[in-house]
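Read off the chains here:
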Amino acid sequence: MILDAGFFDTLSRLRIAMGHKSSMNLTGNRKSMQKGSSTEFSDFREYMPGDDIRRIDWNAYGRLDRFYVKEYMEEKEAVVSVLIDTSSSMNYGMKKKSVLACMLAAAFSYIGLNNMDRVVVYDMQRMQTPFVAGSGRKVLSRLTDWLERLNFDGKVDINEAIRQLPAKGQGVTIVISDFWQESFLAEGQDTVEKLLRFLDYRRQKAVLLHVLAGEELSVELTGTRNLIDMEEHSALRLTLEDSSIRVYEKALQDFIMRLKRECARAGAFYAVCNTQTSFYQLIFQDLRMLYDI
């Protein structure tokens, strides 16, 4: 996973859009509905016994002959949860999906940390032992070490992993996966809807980053092949010809469109992240709607 210092410097200009106002009782760079003591003015209200007299607006007193105090928006820390699918299927591709997943996790963790958000990164197979980054930029080297030690093997139940997220108030939950899971692929099942409904119940802005290998999006294999399921280890002998490739590509596009529709209906963010796309293009162009700049 190679991300240079110049890339991270460019990331410093970005901030993940929350889609709502945070209510965490922690100090940070997010604006809360609660009134506090930051320097951003919010409103006036009439003075009440116990208010800090330093907040009295003497100009208003001179005009109205009544005491009014200034209120300010309080700065709050948001929680950014990043969940990485570490199933075997993520190891596929000349440019592996697992590598892109870790790069995306590092980039969005950095954006959160740079804005003094609290970042927690989860291996979806080991939800009880996440990387808790706290806040601030100095933890980035420890995070990249943690990401490089992830083991992409076995299976992941995405919905079950998300249900293990601790309730921490409003925030952003970023799910990075290829979503090659039977319950997601099967037509007629409401797996995606349930996932998004649960995150909405938890007051999370949901972000689904659909990581796919270039070879999955554009099939170039031909002839008779033995296709091996990386998670089930079962094999399927298949002759790849134009008609079968067209059937596969239509089914994939239908799947992508279904995820996109469900996310749009729920107010969630969805994007396909192609392993063969420039990482700079992914972060600064394809995912630009995610940011407050």
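Colleague: Sorry, what's going on with the overall build of the protein chain here?
Modeller: Helices and strands together make up the secondary structure of the protein chain, namely ten helices and twelve strands. A burial count over the protein chain gives 47% of its 293 residues as buried. Taking as baseline every contact in the protein chain between residues at least 6 positions apart, the subset at least 24 positions apart corresponds to 75%. Per element, the accessible surface of the protein chain, about 15400 Å² overall, is 50% carbon and sulfur.

Colleague: How should I be thinking about the packing of aromatic side chains in this particular structure?
Modeller: When we look at a pair of aromatic rings, we describe it by the centre distance and by the angle of the planes. Within the structure shown, the criterion is met by six aromatic pairs. Judged by centre distance (5.8 Å) and plane angle (90 degrees), the rings of Trp 58 and Phe 67 are edge-to-face. Accessibility expressed as a relative area gives 33% for Phe 67, which makes it partly exposed. Seen from their ring centres, Trp 180 and Phe 255 are 5.8 Å apart, and the 20 degrees between their planes marks the pair as stacked. One end of the pair, Trp 180, is in the loop between strand 7 (171-177) and helix 6 (182-185); the other, Phe 255, is in helix 9 (residues 242-266), with 75 residues separating them in the sequence. The exposure class assigned to Trp 180 is partly exposed, which follows from its relative accessible area of 23%. You can call Phe 255 buried: its relative accessible area is 4%.

Colleague: Just checking my understanding: could you explain the side chain of Asp 178 for this structure?
Modeller: Relative to the assigned elements, Asp 178 resides in the loop between strand 7 and helix 6. Note on Asp 178: relative accessible area 1%, which makes it buried. For Asp 178, the contacting residues outside a window of four places in its chain are Asp 85, Ser 89, Met 90, Lys 97, His 210, Val 211 and Leu 212.

Colleague: Would you explain helix 3 (residues 97-114) in this entry?
Modeller: Given 3.6 residues to a turn, an α-helix orients residues that are three or four positions apart in the same direction. Between its first and last C-alpha, helix 3 extends 26 Å over 18 residues, near the 26 Å set by a 1.5 Å rise per residue. Note on helix 3: the residue one or two positions beyond its end, Met 116, has a positive phi of about 65 degrees.

Colleague: Would you explain a nonpolar patch on the surface in this entry?
Modeller: Together, Trp 58, Tyr 61 and Phe 67 line one region of the surface with nonpolar side chains, adding up to about 310 Å² of accessible area. Topologically, Trp 58 is positioned in helix 2 (residues 58-64). According to the relative accessible area criterion, Trp 58 is exposed, its value standing at 52%.

Colleague: Explain the nonpolar core here, please?
Modeller: The nonpolar side chains of soluble globular proteins are, as a tendency, buried together. Leu 104, Phe 108, Leu 147, Ile 174, Leu 209, Ile 283 and Leu 287 are the most contacted members of the largest nonpolar core, which has 47 residues in total. With twelve residues, helix 3 is the single largest residue contributor to this core. Membership of the second largest hydrophobic core comes to 28 residues, among which are Leu 83, Ala 161, Leu 199 and Tyr 270.

Colleague: Is there a simple way to explain unusual backbone geometry in this structure?
Modeller: Comment: phi is negative for the bulk of residues other than glycine, and the bulk of peptide bonds are trans. In this structure, Met 116 is a non-glycine residue whose phi angle is positive, near 65 degrees. Among the structural elements, Met 116 can be located in the loop between helix 3 and strand 5 (118-123). Positive phi is not limited to glycine here, since Phe 179 has a value of about 55 degrees. For Phe 179, the position within the fold is in the loop between strand 7 and helix 6.

Colleague: What is the right way to read the confidence of the model for the protein chain from this model?
Modeller: The predicted coordinates should not be examined in detail at positions where pLDDT is low. Mean pLDDT over the protein chain works out to 82, with 75% of the residues at or above the 70 mark. Segment residues 20-27: pLDDT under 50, and 34 contacts once partners within four positions in sequence are set aside and those in other chains are kept. Within the model, pLDDT remains below 50 along residues 31-37, and this stretch shows 29 contacts once partners closer than five positions in the same chain are excluded.

Colleague: Just to check I follow, could you spell out the pattern of salt bridges for this structure?
Modeller: Think of it this way: side chains of opposite charge can pair up when their charged atoms draw near. Following the criterion strictly, the structure yields seven salt bridges and no others. Across the salt bridge formed by Asp 178 and Lys 97, the nearest N and O atoms sit 2.9 Å from each other. Of this pair, Asp 178 sits in the loop between strand 7 and helix 6 while Lys 97 sits in helix 3, placing them 81 residues apart in sequence. Neither Asp 178 nor Lys 97 differs from the other in exposure class; each is buried. In this structure, the salt-bridge partner of Lys 194 is Asp 190, at a minimum N-O distance of 3.6 Å. Note on Lys 194: relative accessible area 38%, which makes it partly exposed.

Colleague: Would you take a moment to explain the pairing of strand 11 (residues 269-274) for this structure?
Modeller: A regular strand places its side chains on the two faces of the sheet in alternate fashion. Along strand 11, five of the six residues are buried, which leaves the element largely enclosed by surrounding structure. Note that strand 8 (residues 204-212) and strand 11 share six bridges and pair parallel. By the bridge assignment for strand 11, Leu 209 is matched with Ala 271.

Reading the values: the criteria
- Residues numbered from 1 in each chain as written.
- Predicted model: local features only at pLDDT ≥ 70, side-chain atom pairs only at ≥ 80, totals over all residues.
- Heavy atoms only, no water.
- Helix = DSSP H or I, 4+ residues; strand = E, 2+ residues; numbered from the N terminus.
- Buried < 20%, exposed > 50% of the residue type's maximum accessible area, 1.4 Å probe, protein only.
- Contact = heavy atoms within 4.5 Å.
- Areas by Shrake-Rupley, 256 points an atom, 1.4 Å probe, with all protein chains shown as cover.
- Phe/Tyr/Trp six-rings, centres within 6.5 Å; stacked < 30°, edge-to-face > 60°.
- Expected span 1.5 Å × (residues − 1).
- Patch = residues over 30% accessible without salt bridge, like charges linked within 9 Å, V, L, I, M, F, W, Y side chains within 5 Å.
- Salt bridge = Lys/Arg side-chain N within 4 Å of Asp/Glu carboxyl O.
- Core = buried A, V, L, I, M, F, W, Y, C linked by side-chain atoms within 4.5 Å.
- pLDDT = per-residue confidence, 0-100.
- Pairing = 2+ DSSP bridges.

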